[in-house]
Each structure stands twice: as C-alpha cells, then as structure tokens.
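Listed below are the residues making up each chain.
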Amino acid sequence: MTTPKIGILMGSKSDADIMGETARILEEFGVPHEMKVLSAHRTPQETSEYAQSAEGRGIQALIAGAGYAAHLAGALAAHSTLPIIGVPLEASSLKGLDSLLSTVQMPKGIPVACMGIGKAGAINAALFAVQILSRSDPALAQKLKEYREKMRQEILPG
Ligand code: RP5
C-alpha cells in the first residue's frame, strides 16, 4: 500500500462532501492521501494522537476542514510542526464566517495556513499541499504548471 503524504481531516461526517473536493484534486495529481473524521471538541485525545504520529508515518502536510468554532486545524498545529492547512466550512447560521475567524486567527507561534470558506477553500487546500510537495518533486511541479496552463486555455477565446 502507498504511504499517504497528505492527511485530510474533517470535524464531522457532515463535512465529507466539501472535503471530498480536496481528495478529488489530490487524486488528480496522483498524491497519496488519507481521510479521517476527527474532532477537536468531540475526539480531542484521538486528534492529538493523530497529529503527533503523522510526521513519523511519512505525512508531509495536514489539511483540516471544520465548521462552527473551527479548532481542528489549530488543535493539529498544537501537536505537530507539519504545515497545517485549514479550510473553514459553512455549517452554521453564520455561514462560515465563524469558522474563517476561528481558523485564521491563530496566535503568534503556531501558524495555520487558512484557505477561503467552503468548496473553493477545499480545492485550494489541495493545490497548496501539492505546491508544498512539488518543491521536492519535479514531476509534481510539472503537473502544477500543466494545471495552470489548462486554466489559462479555458479562459482564452478560440
Ligand atoms: C464542526 O461542526 C464540524 O466540522 C461540522 O462542520 C460542524 C457540524 O457538525 P455536526 O453537528 O454535523 O456533526 O465541528
């Protein structure tokens, strides 16, 4: 079995549709990954254990999607020096603004790279992770260039 390089975490099964977008992009780039539901609030012990063991298992970055008072990315960052990418999700009546502020406003010293709210953020989290991996993987860097070129061609007329 291929060792996962990226861990995708989400605070609830109800986040799976949006965080599936992250997995879809990683699959497009051929990046091995794993997906887990872990909650900073409901499974704090398991979240801590996951974060502490991830680097030793070969994981190179973690992506965390959560809604409401979204602490998952911050909780992972508290237990790991891997790059942590947070995706604020729209789950409450505040439409993701709550999750955005919870994710982006990390105090100094324990950073989380915060993406935009919802689907765009979930997609960008995957691309950001690919960009991190591509620094030491020329084939992946080439795929990123091709991905950008494809977007450019979709915009240009004719
Ligand atoms: C957050 O609360 C989860 O990340 C999810 O976005 C939200 C709602 O979770 P459920 O009540 O649907 O399990 O912790």
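Cut-off values and rules
Residues numbered from 1 in each chain as written. Predicted model: local features only at pLDDT ≥ 70, side-chain atom pairs only at ≥ 80, totals over all residues. Heavy atoms only, no water. Near = heavy atom within 4 Å. Polar contact = N/O pair within 3.5 Å; in protein donor to acceptor, adjacent residues only side chain to side chain. Areas by Shrake-Rupley, 256 points an atom, 1.4 Å probe, with all protein chains shown as cover. Nonpolar A, V, L, I, M, F, W, Y, C, P; charged D, E, K, R; others polar. Helix = DSSP H or I, 4+ residues; strand = E, 2+ residues; numbered from the N terminus. Expected span 1.5 Å × (residues − 1). Contact = heavy atoms within 4.5 Å. Pairing = 2+ DSSP bridges. Axes fitted to C-alpha atoms, helices over the stretch in contact; angles between N-to-C directions. Core = buried A, V, L, I, M, F, W, Y, C linked by side-chain atoms within 4.5 Å. Buried < 20%, exposed > 50% of the residue type's maximum accessible area, 1.4 Å probe, protein only. Salt bridge = Lys/Arg side-chain N within 4 Å of Asp/Glu carboxyl O. Parallel < 35°, antiparallel > 145°, perpendicular 65-115°, else oblique. Left-handed = near helix turned anticlockwise from the far one by under 90°.

Our focus in this paragraph is the site of the ligand. With respect to spatial proximity, the complete set of residues near the ligand consists of Gly11, Ser12, Ser14, Asp15, Arg42, Ala66, Gly67, Tyr68 and Ala91. One of the side-chain nitrogen or oxygen atoms of Ser14 is found 2.8 Å away from an oxygen atom of the ligand. Notes on the ligand: free accessible area 360 Å², of which the protein chains cover 74%. Looking at the shell around the ligand residue by residue, the classes come out as 3 nonpolar, 4 polar and 2 charged.

What follows covers helix 5 (residues 119-134). Counted at 1.5 Å a residue, the expected span for helix 5 with its 16 residues is 22 Å, and the 23 Å between its end C-alpha atoms agrees. Those residues of helix 5 hidden inside the fold are in contact with strand 1 (6-10), helix 1 (16-28), strand 3 (61-66), strand 4 (84-88) and helix 6 (138-155).

Attention shifts here to the sheet that holds strand 2 (residues 33-37). Taken in spatial order, the 5 strands line up as 2-1-3-4-5 in an open sheet, and their pairing is parallel. Edge strands, defined here as strands with exactly one partner in the open sheet, are strand 2 and strand 5 (113-114). The pairing of strand 1 with strand 2 spans 5 bridges and is classified as parallel. In the strand pairing of strand 2, Ile8 is matched with Met35. Docked against the sheet, helix 4 (residues 97-104) engages strand 3, strand 4 and strand 5, running at close to 160° with respect to strand 4.

To continue, consider the nonpolar core. When a protein is soluble and globular, its nonpolar side chains tend to lie buried together. With 26 residues, the main nonpolar core has Ile6, Met19, Phe29, Val31 and Ile63 as its most contacted residues. Mapped by element, the contributors of at least two residues to this core are strand 1, helix 1, strand 3, strand 4, helix 5 and helix 6. Ranked by residue count, the leading element in this core is helix 5, at 8 residues. Each residue touching Val31, except ones within four places of it in the same chain, is listed here: Lys5, Ile6, Leu26, Val130, Leu133 and Leu140. Tyr50, Ile59, Ala73 and Leu82 belong to the second-largest nonpolar core, a separate cluster that totals 17 residues.

This part takes up the pattern of salt bridges. The tally for this structure, following the rule as stated, stands at 4 salt bridges. Among the salt bridges present, the one from Glu149 reaches Arg152, with a minimum N-O distance of 3.0 Å. Within this pair, Glu149 and its partner Arg152 are both found in helix 6, separated by 3 residues, close to a single helical turn. Residue classification places Glu149 among the partly exposed residues on the basis of a relative accessible area of 33%. When salt bridges with common partners are traced through the structure, they connect Glu21, Arg24 and Glu28 into a single cluster.

Glancing now at the packing of helix 5 against helix 6. At their nearest, the axes of helix 5 and helix 6 sit 8 Å apart, and the two run at 140° to each other. Judged by the inter-axis angle, helix 5 sits oblique to helix 6. By crossing handedness, the relation of helix 5 to helix 6 is classed as left-handed. Here helix 5 contributes Leu127, Val130, Gln131, Leu133 and Ser134 to the contact with helix 6, which in turn contributes Pro138, Leu140, Ala141, Leu144, Tyr147 and Arg148.

So, about the packing of helix 1 against helix 5. Put simply, helix 1 and helix 5 touch, their axes get as near as 8 Å, and they point 30° apart. The angle between helix 1 and helix 5 falls in the class roughly parallel. The handedness of the crossing between helix 1 and helix 5 is right-handed. Note on element contacts: helix 5 touches helix 1 through Lys119, Ala122, Ile123, Ala126, Leu127 and Val130, opposite Ile18, Met19, Glu21, Thr22, Arg24, Ile25 and Leu26. In the contact of helix 1 with helix 5, the residues fall into 9 nonpolar, 1 polar and 3 charged.

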